[in-house]
Amino acid sequence: MNGITLALSKGRIFEETLPLLAAAGITPTDNPDTSRKLILGTNRPDVRLVIVRATDTPTYVQYGAADMGIAGKDTLIEHGGAGLYQPLDLNIAKCRLCVAVQKDFDYAAAVKRGARIRVATKYVKAAKEHFAAKGMHVDLIKLYGSMELAPLVGLADAIVDLVSTGNTLRANNLVEVEDIMPISSRLVVNQASLKLKRELIQPVLEAFAGAIKP
Ligand SMILES: Nc1ncnc2c1ncn2[C@@H]1O[C@H](COP(=O)(O)OP(=O)(O)OP(=O)(O)O)[C@@H](O)[C@H]1O
Ligand SMILES: O=P(O)(O)OC[C@H]1O[C@H](OP(=O)(O)OP(=O)(O)O)[C@H](O)[C@@H]1O
């Protein structure tokens, strides 16, 4: 494609990216929440959007199937970032990565006595690094969603998951016991595209940079 392709996921990333696209003079012609189309046009003939799973965004950009994309820091850590240039923290889709347990589980005591706890998470790499830095031995169980369920049914002692309002933890009688890191979404650019399509990509990058809310 001669123009540029931007990879986005449905839901919060799409919604929160709309004002940034508007700042770059880009308006999608469809809404992925109502359309089943996976390739969306825009008002600009040289810009198209592809709708992918949030976890897949770095992969599409890494291989150049999309020139640019918007992905959460959580997703980028798990992917590893190969082949990606990450020029901007867009300060959207903000939340934090945390350790949480059931209210009656004494996490501090388990840590203190060096217990080998079971931790369920979708964020295996980030969790591994966190517990290794604390010198804790944990058994990680990989899940793909609804991590909050794992401690309730005896699958794990703790979870590593994203928290924003805390409503999901509260609704499931879980409490946050450690804050691992703040999370927001970043603009990622394919390294070859940045060189070959700089005249198209650079203005979008500058418009996004100018529209970032503190
Ligand atoms: N509750 C939240 N509040 C704010 N931002 C969030 C929240 N949950 C996730 N995010 C951020 O938004 C990104 C996209 O989340 P989304 O829920 O759309 O996808 P997902 O369900 O995590 O991924 P996938 O669909 O690939 O499994 C996440 O990678 C994270 O950075
Ligand atoms: O603290 P809160 O404001 O309750 O947000 C936290 C929840 O948000 C995310 O799930 P999401 O809404 O993306 O659902 P999904 O991952 O199951 O799609 C995350 O996995 C938590 O479950």
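Looking up the protein in an unreviewed UniProt entry gives the name ATP phosphoribosyltransferase, with the organism given as Zoogloea oleivorans. One UniProt comment on the protein, placed under Function (unreviewed entry), says "Catalyzes the condensation of ATP and 5-phosphoribose 1-diphosphate to form N'-(5'-phosphoribosyl)-ATP (PR-ATP). Has a crucial role in the pathway because the rate of histidine biosynthesis seems to be controlled primarily by regulation of HisG enzymatic activity." The UniProt entry for the protein carries this comment under Sequence similarities (unreviewed entry): "Belongs to the ATP phosphoribosyltransferase family. Short subfamily."

With that settled, consider the sheet that holds strand S3 (residues 47-51). With respect to topology, six strands assemble into an open sheet ordered S2-S3-S1-S4-S11-S5, the strand pairing being mixed. Each having just a single partner strand, strand S2 (39-40) and strand S5 (84-89) make up the two edges of the open sheet. Both strand S1 (residues 4-8) and S3 contribute to a ladder of five bridges, which runs parallel. Its bridge partner lying in S3, Ala7 is registered against Val50. In the packing of helix H1 (residues 12-23) onto the sheet, the strands contacted are S1, S2, S3, strand S4 (68-72) and strand S11 (185-190), and the crossing angle to S1 comes to about 140°.

Leu97, Ile117, Phe131, Ile159 and Val160 are the most contacted members of the largest nonpolar core, which has 31 residues in total. Residue assignment for this core shows that the elements contributing at least two residues are strand S6 (95-102), helix H4 (107-112), strand S7 (117-121), helix H5 (124-133), strand S9 (158-163) and strand S10 (174-183). At six residues, the largest contribution of residues to this core is made by S6. The contact partners of Ile159, leaving out residues within four places of it in the chain, are Cys98, Val99, Ala100, Val119, Ala120, Met147, Glu148, Ala150, Pro151, Leu169 and Leu174. Ranked by size, the runner-up nonpolar core spans 28 residues in total, among them Ala24, Ile92, Leu194 and Ala207.

Turning to the site of ligand 1, a few remarks are in order. Of all residues adjacent to ligand 1, which total 16 residues, the nearest are Arg12, Arg53, Thr55, Asp74 and Lys122. Here a nitrogen atom of ligand 1 sits 3.3 Å away from a polar atom, N or O, in the main chain of Ala93. Taking Lys122, its side chain carries an N or O atom lying 3.0 Å from an oxygen atom of ligand 1. More than half of the atoms belonging to ligand 1 lie within 2 Å of the grid points that define the largest pocket. If you list the elements that add at least two residues to the shell around ligand 1, you get H1 and helix H3 (73-79). Of the residues in the shell around ligand 1, the class split is six nonpolar, four polar and six charged. The residues that make up the shell around ligand 1 include at least three from each of domain 1 (4-93 + 184-211) and domain 2 (95-182).

Taken together, Arg12, Glu148, Asp161, Leu162, Val163, Ser164, Thr165, Gly166, Asn167 and Thr168 make up the full set of residues near ligand 2. In the model, an oxygen atom of ligand 2 is placed 2.5 Å from a nitrogen or oxygen of the Thr165 side chain. In a pocket analysis with a 2 Å cut-off to the grid points, ligand 2 is assigned to the largest pocket. For the shell around ligand 2, the element with the most residues is S9, which contributes three residues.

This brings us to the confidence of the model for the protein. The predicted model of the protein averages 97 in pLDDT, with 100% of residues at 70 or higher. Overall fold confidence for the complex sits at a pTM of 0.96, while the interface term, ipTM, reaches 0.96.

Below, the discussion takes up the pattern of salt bridges. Scanning the entire structure with this criterion turns up seven salt bridges. A salt bridge links Asp89 to Arg186; the shortest N-O distance between them is 3.3 Å. Here Asp89, found in strand S5, pairs with Arg186, found in strand S11; they are 97 residues apart in sequence, far enough to count as distant.

What the largest pocket holds in volume is close to 920 Å³. Looking at the largest pocket, it is lined by 35 residues, and the ones nearest its centre are Arg12, Asp74, Lys122, Tyr123 and Leu162. Of all the elements in the fold, those that place two or more residues in the lining of the largest pocket are H1, H3, S9 and helix H7 (167-171). Lining the lining of the largest pocket are residues from two domains, each supplying at least three of them: domain 1 (4-93 + 184-211) and domain 2 (95-182). Of the voids in this model, the second largest pocket is the one considered here, and its volume is about 160 Å³. Lining the second largest pocket, in full, are Ser9, Lys10, Pro32, Ser35, Arg36, Lys37, Leu38, Ile51, Val52, Arg53 and Ala54. Taken together, the residues that form the lining of the second largest pocket break down as five nonpolar, two polar and four charged.

Calculation criteria
- Residues numbered from 1 in each chain as written.
- Chains lettered and ligands numbered in written order.
- Predicted model: local features only at pLDDT ≥ 70, side-chain atom pairs only at ≥ 80, totals over all residues.
- Heavy atoms only, no water.
- UniProt positions renumbered as here; feature names shortened; annotations may be inferred.
- Pairing = 2+ DSSP bridges.
- Helix = DSSP H or I, 4+ residues; strand = E, 2+ residues; numbered from the N terminus.
- Contact = heavy atoms within 4.5 Å.
- Axes fitted to C-alpha atoms, helices over the stretch in contact; angles between N-to-C directions.
- Core = buried A, V, L, I, M, F, W, Y, C linked by side-chain atoms within 4.5 Å.
- Buried < 20%, exposed > 50% of the residue type's maximum accessible area, 1.4 Å probe, protein only.
- Near = heavy atom within 4 Å.
- Polar contact = N/O pair within 3.5 Å; in protein donor to acceptor, adjacent residues only side chain to side chain.
- 1 Å grid on protein atoms, 1.4 Å probe; cavity = no way out; pocket = protein on both sides within 12 Å on 5 of 7 lines; lining within 4 Å.
- Sits in = over half its atoms within 2 Å of the grid points.
- Nonpolar A, V, L, I, M, F, W, Y, C, P; charged D, E, K, R; others polar.
- Domains from an automatic or database assignment.
- pLDDT = per-residue confidence, 0-100.
- Salt bridge = Lys/Arg side-chain N within 4 Å of Asp/Glu carboxyl O.
- Points joined across faces, edges and corners; volume = space filled by probe spheres on them.

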